[in-house]
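Below are the chains, spelled out letter by letter.
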Amino acid sequence: MNSSRRVVVTGIGLVSALGIGTEANWEALSEGRSGIGPITRFDASAFSTRIAGEVKGFDPLQHIDKKDVKKMDIFIQFAIAAADGAMSDAGLQITPANDTRVGVFIASGIGGFTTIEKEHKAFLEGGPRKISPFFIPSAIINLAAGQVSIRFGAKGPNSATCAACTASAHAVGDAYEIIKRGAADAMIAGGSEAAVCAMGVGGFAALRALSTRNAEPTKASRPFDKDRDGFVLGEGAGVVVLEELSAAQKRGARVYAEVVGYGMSGDAYHMTGQPEDANGAVRAMAAAVQSAGVSPSVVNYINAHGTSTPINDPTETFAIKTCFGPQAHKLTVSSTKSMTGHLLGAAGGLEAGITALAVYHQLVPPTINLDQPDEACDLDYVPNAKRAWPIEYALSNSFGFGGTNAALLFKRFQG
């Protein structure tokens, strides 16, 4: 790897329950506004959980030709909308002169769940002849990256990680390392998810992983609070444009933050749970810091995985204290899932964009609904209101089923 190559974030595109576009999302995050509400995608009246972080007012025709919409599951549509936003924000033009040097890594944890449901129903009601010829390319996970690369003519490295709720953090981390080693000069990276459907909600409800605070949707996602009762399923996409620094500077691009570290690990413990000693999470964070060649003491903000589940929040807190020692009580930590819900495989991409924005604006978005912290959760979680904060280095954490962990380290860019 060519360690002299520096990688920066020049474009951010966000789609979530808070809005469509980076500006709408950042405004809502800064205001501490929840995007959680009653489920409208299907009749959830028989479900124990009837709330979610749905994307509202999304019109795919603003991004995709009408003839192509039916060829894409909504998770692909979200990915294209986020990529459009990120590329427009970056001002990056792909031409025959650079197309093989621009790649796409867009992840998903589940992919085209809604399409799978719909086509299975068509098969049961009408037999195999009723299955759409677009079923497979609408549903498979790598078609988000594939459709984005086709849209922009990006012919460089192209792939899609599938690693549960860590998927798009790995996508951003892998894209960073691809640029670092010289295999590309720019990458469109992140993740997309659209699992707010009967099987998605039903499956997680069967695991008893979801909040059932149906009467108070905006208060349901409450990371680190003693009254949390599970996560809230969200949907959307988060995509960033990463570029090699000198190439970005040559074209006068705005830089949100520099990506300086990436760590990953495996728990080798349980299919859905985390070990009490949080060893995997600790090692992922430590690896991200070590790969940047800095001391843990320089980190002063962490965008936590912070799912609002009984197990994750104290375990992540313990991991942060183990990794950072005395510094843990000096840094700020917040979970933006308190506002967006948990976007599963898209969470890491969304939160990478949010973390870069926090570094750029020198502003920590809050953890809302944190009214009475769990005794085991005793860090500074920036409860209920944003905070101006001098952020030099910021981590974004993602942990997933199967024990897959990732941490991304961002640095304030000062030329």
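The structure reproduced in this document is the subject of the present report. (Residues numbered from 1 in each chain as written. Predicted model: local features only at pLDDT ≥ 70, side-chain atom pairs only at ≥ 80, totals over all residues. Heavy atoms only, no water.)

**Things to note about the pairing of strand 8 (residues 236-244)**
Then, number 1: With nine of nine residues buried, strand 8 lies mostly within the body of the structure.
Then, number 2: Side chains of strand 8 alternate between two faces, with Gly236, Gly238, Val240, Leu242 and Glu244 and Ala237, Val239, Val241 and Glu243 buried alike.
Then, number 3: Inspection of the sheet shows strand 1 (residues 7-16) paired to strand 8 by eight bridges, in the antiparallel sense. Bridging from a neighbouring strand, Leu14 pairs with Gly238 of strand 8.
Then, number 4: As paired strands, strand 7 (residues 186-193) and strand 8 are joined by eight bridges and run antiparallel to one another. (Buried < 20%, exposed > 50% of the residue type's maximum accessible area, 1.4 Å probe, protein only. Helix = DSSP H or I, 4+ residues; strand = E, 2+ residues; numbered from the N terminus. Pairing = 2+ DSSP bridges.)

**A closer look at helix 10 (residues 279-291)**
Then, number 1: Across its 13 residues, helix 10 extends 18 Å between first and last C-alpha, which sits within 8% of the 18 Å expected from 1.5 Å per residue.
Then, number 2: Those residues of helix 10 that fall on the buried side of the exposure criterion are Gly280, Ala281, Val282, Ala284, Met285, Ala288 and Val289.
Then, number 3: Summarising the contacts, the buried residues of helix 10 are in contact with strand 9 (257-266), strand 10 (299-303), helix 11 (312-324), strand 14 (393-400) and strand 15 (404-411).
Then, number 4: Just downstream of helix 10 lies Gly293, where phi reads positive at about 70°. (Expected span 1.5 Å × (residues − 1). Contact = heavy atoms within 4.5 Å.)

**So, unusual backbone geometry**
Then, number 1: A positive phi angle, near 60°, is found at Arg208, a position not held by glycine.
Then, number 2: Relative to the elements of secondary structure, Arg208 occurs in the loop between helix 8 (198-206) and strand 8.
Then, number 3: Residue classification places Arg208 among the exposed residues on the basis of a relative accessible area of 78%.
Then, number 4: Positive phi, close to 50°, is recorded for Val382, a residue that is not glycine.
Then, number 5: Checked against the element boundaries, Val382 lands in the loop between strand 12 (363-364) and strand 13 (387-388).

On their own, these measurements won't tell you what the molecule is for.
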